[in-house]
Amino acid sequence: MTFSRMIVLAFSTVLIACDPPNYIFEKSNDYSLEKPWTVADSLEYNFQVKDTSRYYNLLLEIDHHKDYKYENLYVKFETTFPNQSHKTDVVSLSMADESGSWYSDCRGRTCTFYLTLQEHAIFSEPGSYQIKLSPWMRMDTIPDIYRVAFKVEKAGKRQNLNK
């Protein structure tokens, strides 16, 4: 086998082995110094769930400046279910340890904080879901946040659904 064929075979194997994420929903909101994230700027994520026989992972990504002043970010989640019932949670997202070391992946002046909000979430009824996300800090404007992304990823099939 020639060297070039071995390279092509190795590259093909890597591509086949890579299992890309299987998102049913993905949306990103960008911010800047001129247009920062504010309390009045609730982020709305509307998505459809068709398959209730599987698990889903709810993921959040936040890009922030490496000099973000806080160890955490308080956010309010408001979920509306297909039957129009509501659930509200206020959550503290710990973005750094007590010494100030980021849990984020930092490159240059920007850090990306990856968070699994819920692993193996179950959506018990098909239909339209809405999640509103808003900052819930002691200030109206949240400086140094550049991007907030929300994703819903298909996970494995649930077992024993008839038991």
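Our subject in this report is the structure included herewith. Just so we're clear, the structure is a prediction, and the values are computed from it rather than from any experiment.

1. Notes on the environment of Pro-143
Counting through the fold element by element, Pro-143 comes out in the loop between β10 (141–142) and β11 (145–157). Given the relative accessible area of 28%, Pro-143 is considered partly exposed. Separated by 78 residues in sequence, Pro-143 and His-65 have C-alpha atoms that sit 8.8 Å apart.

2. Some remarks on the state of the cysteines
For the structure shown, the criterion picks out one disulfide. One disulfide in the model links Cys-106 with Cys-111; its S-S distance is 2.1 Å. A torsion of 105 degrees about the S-S bond marks the disulfide between Cys-106 and Cys-111 as right-handed. Exposure remark for Cys-111: the relative accessible area of 0% places this residue in the buried category.

3. Comments concerning the side chain of Asp-63
One can find Asp-63 in strand β4 (residues 54–65). A relative accessible area of 13% places Asp-63 in the buried class. A distance of 2.7 Å separates polar atoms of two side chains, one belonging to Asp-63 and the other to Thr-112. At 2.8 Å, the side chain of Asp-63 forms a polar contact with the side chain of Arg-147.

4. Digging into the sheet that holds strand β8 (residues 110–121)
Judged by pairing direction, the sheet is antiparallel, and its five strands sit side by side in the order β1-β11-β4-β8-β7 without closing on themselves. At either margin of the open sheet sits one strand with a lone partner, and together these are β1 (23–30) and β7 (105–107). For this sheet, the mean inter-axis angle between neighbouring strands, taken without regard to orientation, is 15 degrees.

Rules used in this analysis
- Residues numbered from 1 in each chain as written.
- Predicted model: local features only at pLDDT ≥ 70, side-chain atom pairs only at ≥ 80, totals over all residues.
- Heavy atoms only, no water.
- Helix = DSSP H or I, 4+ residues; strand = E, 2+ residues; numbered from the N terminus.
- Buried < 20%, exposed > 50% of the residue type's maximum accessible area, 1.4 Å probe, protein only.
- Disulfide = S-S within 2.5 Å.
- Polar contact = N/O pair within 3.5 Å; in protein donor to acceptor, adjacent residues only side chain to side chain.
- Pairing = 2+ DSSP bridges.
- Axes fitted to C-alpha atoms, helices over the stretch in contact; angles between N-to-C directions.

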